[in-house]
Amino acid sequence: MKKLLFLFFTVIALSSCVKYKTADLVVHNARIYTVNQEFEVAQAMAIKDGKIIAIGKEHEIMNKFRAEEIFDAETLPIYPGFMDAHCHFMGSGLNSLAVDLSKVTTLPEMTSALQNHKNSHPTSRWIVGYGWNENNWNFPLDSVFRVLNQQFEDNPVMLWRVDGHSLLVNYLAQIKAGYSFLEQTNGLIPEEDITLFTRAVQYTENQKKNGLRYAQENFLSKGVTTVTDAGLTPEELELMKKMFASGTLSININAMLFFSESASRHLPFSDSNKLTANTFKVMLDGSVGSQTACFTTPYLGTNSYGKLLMTRDSLHRICELAYEQGAQLAVHTIGDSAVKVALEVMGKVLKGTNGLGWRIEHAQTVSAEQLALFRKFAIIPSVQPTHLYDDQNMAEQRLPLSVLHNSYRLRSLLEQNQSLALGTDFPVASASPIHTFYHSVYRANKPWVLQKENLTREEALRGITFWVALANKSYERNGSLEVGKQADFVLLNRDIMKIPKEEIIETEVLRTYISGGLEYSKLN
């Protein structure tokens, strides 16, 4: 009896000596895809001051930590916060002030949508729309121009094509933009003149703030914790700085500034790891839908090869300035001719492998000869897999088979530098990284689509997390769930690594955390 009492009091004494570590949040009973180098799966993690301080097995974390908040994930899957390598964050927010024309198929539908928008926004001078696609219409392009001038003659009208590379405008919009319309017969504005109209619209600061709030809510609901906004002005960057300082924005933003002398004075910038800007964005060609992407082979049924939006010499001067400044450079290229020019000019300045992290945005059509240049000069391909799904029928109508066979590559680009940054290009395509994930692994079943270019599920997950962090040069603080990194993570209702492919698209985001703070929840 004395021995039993002695053992009892010994156990009590020892247990009272156990010192638990404190955390702000402990997440447990989960399947946590760390996306570290070994692609390990954990069960629990502890978070303090916005960072992961421990991650591992359930009993290891629960026996070591006590926290103000303990979240039971009920065996649901957790992933690093999704990262979008290429989107138009601010632009998508401003679309909340515009009229959606993506479902329009008839001219009466177009007219009705514009009139309803005008009636519901009586104080708005401009009528702005987005998402139109003439391939879905049963009416000619010039009939829209007539309607815009006859029924909306008192309002300047600016309508974005779905790809963001063409505008439809009326006469009044051309006057407001200072655009000569002597030769204008259909209201279609070419790529190089678009900025005249975007400047003329003149959104107020409050409108832009509301747009950014709207965009943040939308992306957080998709499980996105980091976005790369692929094209901003210095003024828009300054507005973002204000909103981060006031606590209005919480999502991580990697900002690319359209190249200009003014932009060069704003880079580099980093503020508390939430907002970073050290990239110049350059537009070298347009899009296939607008037939402005530049190819080495003409578009079907035409003598048009598309066009470059700047000369080799102009691009070379920008490359030299970015190199001297130690900045990243992101060049928009769709057609193989544009890709060729970009790689050759960038390579001439880079000279060899480097750590600058220069990027080709889209890299939609790449010849076998061009692939090696990505590796030679350590140039990052940034692609959007959902475009193949959206473009497949249109691309067949525009491009010869020889071009299609070199288009929408994934694996062959991945193999050059062993990483591939994946994005959405929203609002051009779906904002959901889950759609990006799906269309990376299960691609369109067309005879010309090379299925050997598909990614595995593990590669696709890396492509919307860690490989984006590599491209953003933020891999030391996010992109994977590891000790010392920001606690950016997302909880889904299904495990996209295991469920049948038919269920992936229907997967829902339940919670989104940034730096350990709950930013979005679908749960009660």
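Quick note: structure is the one above.
Since we're looking at a predicted model, the values are computed, not measured. (Residues numbered from 1 in each chain as written. Predicted model: local features only at pLDDT ≥ 70, side-chain atom pairs only at ≥ 80, totals over all residues. Heavy atoms only, no water.)

Draft legend 1. Here's a closer look at the sheet that holds strand E13 (residues 188-189). Ordered in space as E9-E10-E11-E12-E13, the five strands form an open sheet in which the pairing is mixed. Looking at strand neighbours, the two that pair on one side only are strand E9 (99-100) and E13, the edges of this open sheet. Relative to the sheet, helix H7 (residues 194-201) contacts strand E10 (127-132), strand E11 (157-161), strand E12 (167-169) and E13, its axis offset from that of E11 by approximately 130°. (Pairing = 2+ DSSP bridges. Helix = DSSP H or I, 4+ residues; strand = E, 2+ residues; numbered from the N terminus. Contact = heavy atoms within 4.5 Å. Axes fitted to C-alpha atoms, helices over the stretch in contact; angles between N-to-C directions.)

Draft legend 2. Representation of the nonpolar core within the structure. Counting 86 residues, the largest nonpolar core has Phe89, Ile253 and Leu461 as the members making the most contacts within it. Of all the elements, helix H12 (residues 336-350) adds the most residues to this core, at nine residues. Excluding residues that lie within four positions of it along the chain, Leu461 makes contacts with Tyr33, Val35, Phe39, Tyr79, Phe82, Phe437 and Met497. (Core = buried A, V, L, I, M, F, W, Y, C linked by side-chain atoms within 4.5 Å. Buried < 20%, exposed > 50% of the residue type's maximum accessible area, 1.4 Å probe, protein only.)

Draft legend 3. Molecular detail of the environment of Asn170. Secondary-structure assignment places Asn170 in the loop between E12 and helix H6 (171-177). Taking C-alpha positions, Asn170 is 35 Å from Ser264, a pair spaced 94 residues apart along the chain. Within the structure, Asn170 has its side chain in polar contact with the backbone oxygen of Asn155 (distance 2.8 Å). (Polar contact = N/O pair within 3.5 Å; in protein donor to acceptor, adjacent residues only side chain to side chain.)

Draft legend 4. Geometry of the sheet that holds strand E24 (residues 517-521). If you trace the six strands from one edge of the open sheet to the other, you get E3-E2-E7-E22-E23-E24, paired in mixed fashion. In the strand order of this sheet, the two ends are held by strand E3 (41-42) and E24, each with one partner. Two strands pair when backbone bridges link them, and strand E23 (residues 509-514) and E24 are joined in this way by four bridges, in the antiparallel orientation. Of the residues in E24, the one forming a bridge with Thr512 is Tyr520. Each of E23 and E24 touches helix H8 (residues 205-221); the most contacted strand, E23, lies at about 120° to it.

Draft legend 5. Here's a closer look at a negative patch on the surface. Judged by side-chain charge, Asp24, Asp49, Glu68 and Glu69 come together as a negatively charged surface patch. Summarising the element assignment, Asp49 is placed in the loop between strand E4 (44-48) and strand E5 (51-56). (Patch = residues over 30% accessible without salt bridge, like charges linked within 9 Å, V, L, I, M, F, W, Y side chains within 5 Å. Areas by Shrake-Rupley, 256 points an atom, 1.4 Å probe, with all protein chains shown as cover. Salt bridge = Lys/Arg side-chain N within 4 Å of Asp/Glu carboxyl O. Lys, Arg positive; Asp, Glu negative; His and termini not counted. Charge placed at Lys NZ, Arg CZ, Asp CG, Glu CD.)

Draft legend 6. Looking closely at the environment of Ser290. Relative to the assigned elements, Ser290 resides in the loop between strand E17 (275-283) and helix H11 (312-325). Overall, Ser290 belongs to the buried group, its relative accessible area being 17%. As for Ser290 and Lys485, which are separated by 195 residues in sequence, their C-alpha atoms are 42 Å apart. Every residue in contact with Ser290, bar those within four places of it in the chain, is listed here: Arg161, Asp163, His165 and Ser166. Here the side chain of Ser290 touches Ser166 through a polar contact of 2.7 Å, side chain to side chain.

Nothing here speaks to function; it is geometry throughout.
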